Amino acid sequence: MKNLKVLGVVGSIRSNHKNIKKLERFILDSSTQTELNQRIKDSKIIFSNSDIAVSHSLLASKNYGSNIEIVSITDIFKHKKLGIYYDLMNYNSIDDIDEIDSLTLDESMFQELLKKVDKADGIILGTPVYFGDRSSIANKFLQLTYKYKVLKGKGFGVVSTGAKRNGGQETANIYSLQEALAQEAIVVGNGPKTAQYGGTVWAGDTGKAIDDSFGLETCYGVGRQVAQLSEILNIGEYKSKPKITFVLTMDTEEKKYEKILQKYIKRNLDSYNSKIYNLIDETIYRCIACNVCPSPKMVEKLKSEDFPYHCVIQTKKDNMKHVQEALVNSDSIIFVGVNSHDDLIYRYQAFMERTRFIRHDDFELSNIPSVGMLISELGATNNQIFNVKVLTSFIRHNTFFLKPVEIILKDGEVIYEDSFRNLIPFIEKITSGREKIDPMEISYKATGYSNKTFDETKKLRK
Ligand SMILES: Cc1cc2nc3c(=O)[nH]c(=O)nc-3n(C[C@H](O)[C@H](O)[C@H](O)COP(=O)(O)O)c2cc1C
């Protein structure tokens, strides 16, 4: 593997920027999370919780084989003149209120950071949770990467720490992932076993993050995912004509939106190998929330067969088997939704539920580049956050996520559309890179359930 680099960026005002290089040394000298925590404890240095969260991610990236670096950006974005208490006491002019968000930029330090981000193959952003969102420092970082377009084509993951068990770690992660996607980064979650939206640490007092082993395990997962994606992007080549599957998850009875989608595909993917599955044509039963998923009996029966279908729903009327086959054999999956004034036959949610056995079957969609696509009528409000829902659902399938695509219609006519062509080079590289890496053993482990039948499958996934 080429010398790849994963950069950890800490966006906490409590980050110990003076000692951050010592933390980097602890990461380099440790092999396990326990060892790293011990080094942090023994040093008696108080690190911010975000420092610690990011350090556990970088440990995983290092163990994967990447070079790592951790930077604290606290010193780059300084408060203008809040020296803190005294100046606040003298804050009585209305004009000064503007300065509440006046983080000044240390230009030379920022240029240095920009170079580091530019050279890195993957980025992990660590932030405290502030009101269910990122810190202003972490947010500033993403505003500037947007301005300078430095995240394009890079692997990106995020880790958040909040004082409350459910204080908004996940929302903070999702917002950062969405914004990184808008900057054409390719985003990942924390991968198995939980495959959620990144690192979610529960700690309030400074340095207490080391006690949250579950949270730190999610951070570790992010580091592994970012390093793996960076490798895939690095060794991947431009493979011609990847198989692209569009899953239209809702439509009108007359298939108005399928027709719009067909035209879009013709304009953007003419000679490509693509296919539309319109879910209004499919009979797909709802997930029955059984406690054997994926069915051990089916795992046993079909072990020798080429194609796995491990759901207990066996009726011939149900079309999930062929839809699953299409998904698993796709090089990229585009989930299409509609935000319109029309009455829609809405299949997204029920379909999504039904993909549960695919996830439980050792994350069969692992590392497939996926995309949310919204066809939106101007002024319609019934399905505006579709692309966020696709991100949150399919990150849980351990897929890689690419920038969402939007088509905007006015009175049925396209007035704006994102180009699909921009995504194709990344899809091609991931498709070819996935084939070249050593497969990772993924075994589904149920979290939050006691039923051991959940844990029975064991496969290798690329
Ligand atoms: C302005 C502010 C807002 C906060 N909002 C939240 C919140 O919404 N949810 C939460 O769980 N914790 C919240 N916290 C607590 C911090 O997220 C928590 O102390 C965290 O460990 C800080 O991480 P750090 O040590 O990396 O700075 C807030 C703290 C501050 C200062």
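Residues numbered from 1 in each chain as written. Predicted model: local features only at pLDDT ≥ 70, side-chain atom pairs only at ≥ 80, totals over all residues. Heavy atoms only, no water.

1. Examining the overall build of the protein
1) Next: The secondary structure content of the protein amounts to 15 helices and 19 strands.
2) Next: A compact globule built from 462 residues should have a C-alpha radius of gyration of about 23 Å, and the protein, at 23 Å, falls within 12% of that.
3) Next: Projected onto its principal axes, the C-alpha coordinates of the protein cover approximately 70 × 55 × 40 Å.
4) Next: The buried share of the protein, taken over its 462 residues, is 55%. (Helix = DSSP H or I, 4+ residues; strand = E, 2+ residues; numbered from the N terminus. Rg over C-alpha atoms; globule rule 2.2 N^0.38 Å. Buried < 20%, exposed > 50% of the residue type's maximum accessible area, 1.4 Å probe, protein only.)

2. Focus: the packing of helix 5 (residues 107-119) against helix 6 (residues 136-148)
1) Next: Taken N-terminus to C-terminus, the directions of helix 5 and helix 6 make an angle of 70°; their axes are 12 Å apart at the nearest point. With respect to their mutual orientation, helix 5 and helix 6 come out roughly perpendicular. In contact with F110, L113, L114 and V117 of helix 5, helix 6 contributes F141, L144 and Y148.
2) Next: Residues of the contact of helix 5 with helix 6, tallied by class, amount to 7 nonpolar, no polar and no charged. (Axes fitted to C-alpha atoms, helices over the stretch in contact; angles between N-to-C directions. Parallel < 35°, antiparallel > 145°, perpendicular 65-115°, else oblique. Contact = heavy atoms within 4.5 Å. Nonpolar A, V, L, I, M, F, W, Y, C, P; charged D, E, K, R; others polar.)

3. Points about the domain arrangement of the protein
1) Next: Assigned domains of the protein: these are domain 1 (5-235) and domain 2 (243-461).
2) Next: Taken together, the two surfaces of domain 1 and domain 2 that pack against each other cover about 2600 Å², and 68% of this comes from carbon and sulfur.
3) Next: Of all residues in domain 1, L181, I232 and I235 give up the largest surface area on contact with domain 2, accounting jointly for 21% of the area buried on that side.
4) Next: The tally of links between domain 1 and domain 2 comes to 0 salt bridges.
5) Next: Among the elements that take part in the side of domain 1 that touches domain 2, helix 8 (residues 213-235) stands out by supplying 9 residues, more than any other.
6) Next: For the side of domain 1 that touches domain 2, a count of residues per class yields 16 nonpolar, 8 polar and 5 charged. (Domains from an automatic or database assignment. Buried area = accessible area lost by both parts, 1.4 Å probe. Salt bridge = Lys/Arg side-chain N within 4 Å of Asp/Glu carboxyl O.)

4. Things to note about empty space enclosed by the protein
1) Next: Tallied over the entire structure, the rule returns 2 cavities of 30 Å³ or more.
2) Next: Taken as a whole, the largest cavity spans an internal volume of roughly 90 Å³.
3) Next: Around the largest cavity, the lining comprises 16 residues; the ones closest to its centre are C287, C290, C293, C311 and F357.
4) Next: Looking at the lining of the largest cavity, the elements with two or more residues in it are helix 12 (348-354) and helix 13 (356-360).
5) Next: For the lining of the largest cavity, the residue count by class is 11 nonpolar, 2 polar and 3 charged. (1 Å grid on protein atoms, 1.4 Å probe; cavity = no way out; pocket = protein on both sides within 12 Å on 5 of 7 lines; lining within 4 Å. Points joined across faces, edges and corners; volume = space filled by probe spheres on them.)

5. Let's talk about a positive patch on the surface
1) Next: There is a patch of like positive charges on the surface, built from K297, K301, K316 and K321.
2) Next: Locating K316 in the fold gives a position in the loop between helix 10 (296-302) and helix 11 (320-328). (Patch = residues over 30% accessible without salt bridge, like charges linked within 9 Å, V, L, I, M, F, W, Y side chains within 5 Å. Areas by Shrake-Rupley, 256 points an atom, 1.4 Å probe, with all protein chains shown as cover. Lys, Arg positive; Asp, Glu negative; His and termini not counted. Charge placed at Lys NZ, Arg CZ, Asp CG, Glu CD.)

6. Describing the layout of surface pockets
1) Next: Taken as a whole, the largest pocket holds about 720 Å³ of empty space.
2) Next: The wall of the largest pocket is formed by 30 residues, among which E170, T194, Q196, R359 and R396 lie closest to the centre.
3) Next: Elements supplying a minimum of two residues to the lining of the largest pocket: helix 7 (169-182), strand 8 (199-202), helix 8, helix 12 and helix 13.
4) Next: A per-class count over the lining of the largest pocket returns 6 nonpolar, 15 polar and 9 charged.
5) Next: When we break the lining of the largest pocket down by domain, the ones giving at least three residues each are domain 1 (5-235) and domain 2 (243-461).

7. Points about a nonpolar patch on the surface
1) Next: On the surface, I13, Y130 and F131 cluster together to form a nonpolar patch covering roughly 400 Å² of accessible area.
2) Next: Relative to the helices and strands, Y130 resides in the loop between strand 5 (122-128) and helix 6.
3) Next: Accessibility expressed as a relative area gives 38% for Y130, which makes it partly exposed.

8. Focus on the site of the ligand
1) Next: Around the ligand sit 17 residues, and of these S12, N49, S50, V129 and A203 come closest.
2) Next: Within the contact set of the ligand, an oxygen atom lies 2.8 Å away from a side-chain nitrogen or oxygen of R14.
3) Next: Within the side chain of N49, a nitrogen or oxygen atom sits 2.8 Å from an oxygen atom of the ligand.
4) Next: Out of a free accessible area of 650 Å², the ligand has 78% covered by protein chains.
5) Next: Of all the secondary-structure elements, those providing two or more residues to the shell around the ligand are helix 3 (49-64) and strand 6 (155-162).
6) Next: In the shell around the ligand, the residues fall into 6 nonpolar, 9 polar and 2 charged. (Near = heavy atom within 4 Å. Polar contact = N/O pair within 3.5 Å; in protein donor to acceptor, adjacent residues only side chain to side chain.)

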